[in-house]
Structures are given as structure tokens and as C-alpha cells.
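Chain residues, written in single-letter form:
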Amino acid sequence: MSISKTNRLSLVEQVVSQIESLIESGEWEIGNQIPPEMDLIQQFDVSRNTLREAVRSLVYAGLLVTKQGKGTFVKSSSALGAAFQRRVQQSSLLETLEVRHALEREGAQLAALRRNQGDIERLRLHITACSNAAKAKDIKAYEEADIQLHKSIMGSSHNDLLIDLYEHMEDSLHDSIHQIVEMSSDANLHLNIHCNLVDAIIEQDVDRAIETVNEYIAQFKKSLE
């Protein structure tokens, strides 16, 4: 992947563009460590200083993160996503819930219209995991299963932009679900609402899917009062 030095873009900009392409294509996956510096110098055919400047630029943009003593890792799939993540992290729980409401209401509606057999199987898998965790009173397992369920619902919308936006909220989603579960006085109510939502999507009952999202967000807001 040698970079042409006659391109009007600077070498640093070209390296940045190449790395962004590797991340966006999924070749460099979020959470994975990037290849060693010498490998990248050879791959891009640039100097150490050029590579380091490009990496610093991507760290600043939020696509990469450097962990002391460990190396540099992929943090986000796009600069827009990284900026959105930073903004969400600065938001209050109520603001996060309101944005979740907008995204999840649309996601549930589209999922009820577009879900396929594969989606149905994933939804049943995750709602079963939620139920099993609730029965075992395993809060951590329940939170993780709940997050995977919500992501599966969004995936069932088959709207890539909506899915990407929701994916960039994952850290705040973890925080909000953790706080909501801790504050909930009735864990079974929380589970029953989610079971109802999954049933509505599987049965392609658009109105019930929307109403159920409205109901559980209203319950969450009430718990904040």
C-alpha cells in the first residue's frame, strides 16, 4: 500500500486517509491494537515522523487511543462517530434517555416492518439471556444481555445509519442501563416490557412496538424523579 509522494495531499494526510479506510472497512476492528510501527512504515512507505504525526492526528480526532505501556488501539470507526461519542459522554442521564427514546422508537418501528428470520432468532436469543440473568439475579449479566437485545433490535431495522448512530452511544448506553437497573424497584416489570417489545417486533405489530418503547422510556424517566 505504498503512498504516492506526488499526490497533492501531504504525506501525513495520505497516511491518515489510508488508516481511516482500514478502520471504516473493518480491516482494523474497534478495540484491536494497530500493527507495529515498523510494519506500518514499510506498508505506507513513509518516515517514522510522518507515521507518528498521522497517528497523533487520529488520536486527537478520536479514531485511535494510545494506552500507556500497551500501545495504540482503534477506538472509533469514524471521526463523526468519535465526536458524537464525546458529546454523548458529556450529556446527562436524562438527555441520554431522550436521545435513546428517539433512536429506539424509530428502530423498533423499522424492526417491526423489516425483521427477517435471522433477526427473530437473535431477538429470541437475547431476550432469553435477559430472562435467565433476571432469574439468577445476575445484574451484570442482565445489563449485558439487555444491551445486546437493544443492539439486535436496532440491527433488525436494517438502516445502517441508524445502527451506526446507536453503536456510537454504546458507552453511554452501558452507563444508562446500569443506572436504570440499579434504580428499578421492579426488575420483572423491566423484563416484561422488553418481552412485550420483542413479541411486537416478531408479530410485526408496529403500533405496539412504538407504544412499548414509549412505555419503558417513560418508566425510566419516572425512576429519575
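Please read these numbers as outputs of a predicted model, since none were measured by experiment. (Residues numbered from 1 in each chain as written. Predicted model: local features only at pLDDT ≥ 70, side-chain atom pairs only at ≥ 80, totals over all residues. Heavy atoms only, no water.)

Caption draft 1: Molecular detail of the side chain of Ser-156. Among the secondary structure elements, Ser-156 is positioned in the loop between helix H7 (139–155) and helix H8 (160–167). Note on Ser-156: relative accessible area 0%, which makes it buried. Separated by 2.8 Å, the side chain of Ser-156 and the backbone oxygen of Ser-152 make a polar contact. Apart from the residues lying within four places of it in its own chain, the contact partners of Ser-156 are Leu-110, Ala-111, Arg-114, Arg-115, Asp-119 and Leu-123. (Helix = DSSP H or I, 4+ residues; strand = E, 2+ residues; numbered from the N terminus. Buried < 20%, exposed > 50% of the residue type's maximum accessible area, 1.4 Å probe, protein only. Polar contact = N/O pair within 3.5 Å; in protein donor to acceptor, adjacent residues only side chain to side chain. Contact = heavy atoms within 4.5 Å.)

Caption draft 2: Seen up close, the packing of aromatic side chains. Considering all chains together, one arrives at 0 aromatic pairs under this definition. Here the basic side chain of Lys-67 rests over the ring of Phe-73, its NZ or CZ set 4.8 Å away from the ring centre. (Phe/Tyr/Trp six-rings, centres within 6.5 Å; stacked < 30°, edge-to-face > 60°. Lys NZ or Arg CZ within 6 Å of the ring centre and 35° of its normal.)

Caption draft 3: Main features of the pattern of salt bridges. Within this structure, the stated rule accounts for 6 salt bridges. Across the pair Glu-37 and Arg-48 runs a salt bridge whose closest N-O atoms are separated by 2.9 Å. Here the residue Glu-37 occupies a position in helix H2 (residues 37–44), and Arg-48 occupies one in helix H3 (residues 48–61), the gap between them amounting to 11 residues. Residue Arg-122 is joined to Asp-119 by a salt bridge in which the shortest nitrogen-to-oxygen separation is 2.9 Å. On the criterion of helical spacing, the pair formed by Arg-122 and Asp-119 is a turn pair, its members being 3 residues apart in helix H6 (residues 117–135). The buried category is assigned to Asp-119, whose relative accessible area is 3%. The network of salt bridges with shared partners includes Glu-37, Arg-48 and Arg-52. (Salt bridge = Lys/Arg side-chain N within 4 Å of Asp/Glu carboxyl O.)

Caption draft 4: Region of the structure containing helix H1 (residues 11–24). Under the 1.5 Å per step criterion, the end-to-end length of H1 is 20 Å for 14 residues, consistent within 8% with the ideal 20 Å. Residues Val-12, Gln-14, Val-15, Val-16, Ile-19, Leu-22 and Ile-23 constitute the buried set of H1. Of the surrounding elements, those touching the buried residues of H1 are H2, H3, strand E1 (64–67) and strand E2 (71–74). Gly-26, located one to two residues past H1, shows a positive phi value of around 90°. (Expected span 1.5 Å × (residues − 1).)

Caption draft 5: Expanded view of unusual backbone geometry. Phi at Lys-137 is positive, roughly 55°, even though this residue is not glycine. Within the secondary structure layout, Lys-137 lies in the loop between H6 and H7. Positive phi, normally seen in glycine, also occurs at His-158, with a value near 55°.

Caption draft 6: Representation of the nonpolar core. Ranked by internal contacts, the top residues of the largest apolar core, which has 27 residues, are Cys-130, Leu-149, Ile-153, Leu-197, Ile-201, Ala-209 and Tyr-216. Only helix H5 (93–114), H6, H7, helix H10 (187–202) and helix H11 (206–224) provide two or more residues apiece to this core. Residues in contact with Ile-201, not counting those within four places in the same chain, are Ala-108, Ala-111, Ala-112, Arg-115, Leu-123, Ile-153 and Ala-209. Residues Val-12, Ile-19, Ile-41 and Phe-44 belong to the second largest nonpolar core, which totals 19 residues. (Core = buried A, V, L, I, M, F, W, Y, C linked by side-chain atoms within 4.5 Å.)

Caption draft 7: Representation of the pairing of E1 within the structure. Sheet topology note: the E1/E2 ladder contains 4 bridges and is antiparallel. Counted as the bridge partner of Lys-67 is Gly-71 from E2. (Pairing = 2+ DSSP bridges.)

Caption draft 8: Structural context of the side chain of Thr-72. Considering the arrangement of structural elements, one finds Thr-72 in strand E2. Only 3.3 Å separates the side chain of Thr-72 from the side chain of Thr-66, close enough to count as a polar contact. Discounting residues that sit within four places of it in the chain, Thr-72 has contacts with Asn-32, Gln-33, Ile-34, Val-55, Leu-64, Val-65 and Thr-66.

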